[in-house]
Amino acid sequence: MTLIEFFDKDTIKNILSVLTIKPDRIVYIYDSAVTDDKYFAALKKCFKKHLPGIKLEKIPVDINNVRDIYGKTSGVIKKYGDCVMELTGGSELMMIAGHRAGLDGHIRMYYTDIAAGKIMDIDDPDFTMDTVRLTLDDFMDAKGAQFVGESHREPDEKNYDSILNMCHYIFKDLRNWSYTCGYLQAVNSVMEYGLNFSANMTFIHKDGRKYRPNPGMLEAFEKNGFIKNLSMSNNRVSFTYLYPEAKTYMTTYGLWLEMFVFISAKRLGKFSDVKLGAMIDWDAYDDIRAAGNEIDVIIMENSIPVFISCKLRGISTPDINELYIQKKRLGGWFSKGVIVTSGDDKIKNTGTFKKAEEFGIIVLDRKDIKSRDFGERLYRAITEQDIVALKWRRV
C-alpha cells in the first residue's frame with residue numbers, strides 16, 4: 001500500500017500518520033522550493049527504525065499551481081493503484097488539489113487530529129484510528145538532529161528521595177543556598193581536594209571577595225546524604241562528598257530545580273519520555289558534532305514534545321523568547337513550552353508572566369515548586385493547554 005503525504009514544515013505532520021498507517025511506500029508531494037535533501041534523509045532514518053522495508057519517494061510541485069499539484073498527485077495514484085492519502089500537512093492549495101485527485105482516483109483519504117491522537121476517514125464519520133505514540137528520538141531523527149550528550153548526568157534513582165528532600169530545603173532558603181553555593185564554587189576554583197573539602201570558614205578569593213557558607217545548609221547536606229564527616233568551627237570547615245555527583249550538585253546553583261522537575265516528571269509515570277539537560281546537534285549530517293542549545297528538561301506527552309526551562313530566579317523576556325524559539329525549532333506548532341521559576345511572576349501577574357501567556361508558555365512559579373504535588377501540577381498544566389487554540393494567539 002502507498003501512502004501519499006503532503007510535506008509540511010511541522011515535523012509531527014510528516015511522521016505521525018506514516019508510523020501509524022505503516023505503508024509499504026510513502027510518497028511526499030513537496031514544495032519545489034525545498035532543495036535540501038537532508039529533510040528526506042532525516043525522515044527515512046526515522047521510518048527505517050520502525051518500518052525497515054519502507055520505500056520513500058518525493059515529488060516536487062509548484063505549490064501555487066493547483067493543476068501541477070493535481071496532475072502529479074493523480075499520477076502517483078495511477079502509477080501505484082493501491083493508495084491512500086493523508087491531508088493534514090502541506091499548503092491549502094495542496095489540500096484542495098490533493099482532495100480532488102483523491103476523489104477522482106477513488107482512494108481513501110484521511111485527516112489526523114494530532115491533539116486528539118486520532119486519524120479519521122474524511123468520507124466515513126464512523127472510522128477512527130488511534131495514532132502511535134512518538135518518542136523524542138522519532139522527532140530528533142525526523143528533524144535531522146541528534147542528542148550529543150547531557151550537560152548533567154541523570155541522578156541515580158536510589159538518590160531521588162534525598163535529592164527531593166534537599167530541593168525542598170533549598171527552595172525555602174534560596175538566600176543561604178546562594179551564599180553556600182558561592183562559597184563552595186570559590187573554594188573549588190582555587191583548591192582541588194577530590195572528594196575531600198577543607199577551607200577557612202571565611203574564604204577570601206584572589207579577587208578580594210569574601211565568601212562564607214551557611215552552617216545550617218551544610219548540615220542539611222550531611223543529613224540528606226550528600227556529605228559526611230562534617231566539621232565546622234569559627235575558623236574552619238571540612239567534610240567529604242559521599243559520591244562525585246554530590247560535588248557537582250553542591251557547586252551548581254540552578255541544577256537543583258532541574259533535578260526537581262526531572263524527578264517529579266519521571267516519578268509521575270504519565271510521560272513517555274523524560275530527559276535531563278539534553279544537548280542537541282541540530283545538523284546530524286554535517287559530520288561535525290556541535291552542540292546547540294541545552295534544554296533543561298524535555299518530556300513527551302502523547303506524541304507532543306514539551307520543553308521545560310528551569311530558572312532558580314525570576315524570569316525575564318529573553319528567557320521566554322529563548323524557550324519559544326527552542327520549542328518551535330524542534331516541535332513546530334505542535335509542541336509546548338514550560339518555564340519553572342522560583343520567582344513570583346505568576347502569583348503577582350507580572351508583565352513578564354503576561355508576555356509568557358501571549359507566547360503560549362506555561363509558567364509554574366515559587367508556589368508550585370514549594371508544593372508537595374508539583375508533578376501533578378505540571379501534568380495538569382501541560383495536558384490542559386489547548387495547542388490548537390494557541391495557533392490563533394497574536395504573537
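What you are looking at is a predicted structure, and each value in this text was computed from that prediction instead of being measured.

Here we look at the packing of aromatic side chains
Right, on to step 1. Applying the stated criterion to the full structure yields 22 aromatic pairs.
Right, on to step 2. Between phenylalanine 226 and tryptophan 256, the ring centres sit 5.4 Å apart and the planes meet at 80°, which makes this aromatic pair edge-to-face. Within this pair, whereas phenylalanine 226 is found in the loop between helix H8 (215–223) and strand E12 (227–232), its partner tryptophan 256 is found in helix H10 (residues 255–268), the two being separated by 30 residues in sequence.
Right, on to step 3. Residue tryptophan 256 is classed as buried on the basis of its relative accessible area, which comes to 0%.
Right, on to step 4. Judged by centre distance (4.9 Å) and plane angle (45°), the ring pair of phenylalanine 260 and phenylalanine 374 falls under tilted. Taken together, the residues span a long stretch of sequence, with phenylalanine 260 in helix H10 and phenylalanine 374 in helix H15 (residues 374–383) at a distance of 114 residues.
Right, on to step 5. Given the relative accessible area of 2%, phenylalanine 374 is considered buried.
Right, on to step 6. Put simply, the rings of Trp177, Phe221, Phe226, Tyr243, Tyr249, Tyr253 and Trp256 pair up and form one aromatic cluster.
Right, on to step 7. Above the face of the tryptophan 333 ring, lysine 328 is positioned so that its terminal group lies 4.7 Å from the ring centre.

Quick look at the pairing of strand E6 (residues 118–121)
Right, on to step 1. Here E6 shows a clear split, with Ile119 and Asp121 buried on one side and none of Lys118 and Met120 buried on the other.
Right, on to step 2. With four bridges joining them, strand E5 (residues 108–113) and E6 adopt antiparallel strand pairing. Following the sheet pairing, threonine 112 is matched in E6 by isoleucine 119.
Right, on to step 3. The antiparallel pairing of E5 with E6 creates a hairpin that spans four residues between the two strands, and glycine 117 there sits at a positive phi of about 70°.
Right, on to step 4. Where E6 folds back onto strand E7 (residues 124–130) in an antiparallel hairpin, the turn is made up of two residues.

About the criteria used
Residues numbered from 1 in each chain as written. Predicted model: local features only at pLDDT ≥ 70, side-chain atom pairs only at ≥ 80, totals over all residues. Heavy atoms only, no water. Phe/Tyr/Trp six-rings, centres within 6.5 Å; stacked < 30°, edge-to-face > 60°. Helix = DSSP H or I, 4+ residues; strand = E, 2+ residues; numbered from the N terminus. Buried < 20%, exposed > 50% of the residue type's maximum accessible area, 1.4 Å probe, protein only. Lys NZ or Arg CZ within 6 Å of the ring centre and 35° of its normal. Pairing = 2+ DSSP bridges.

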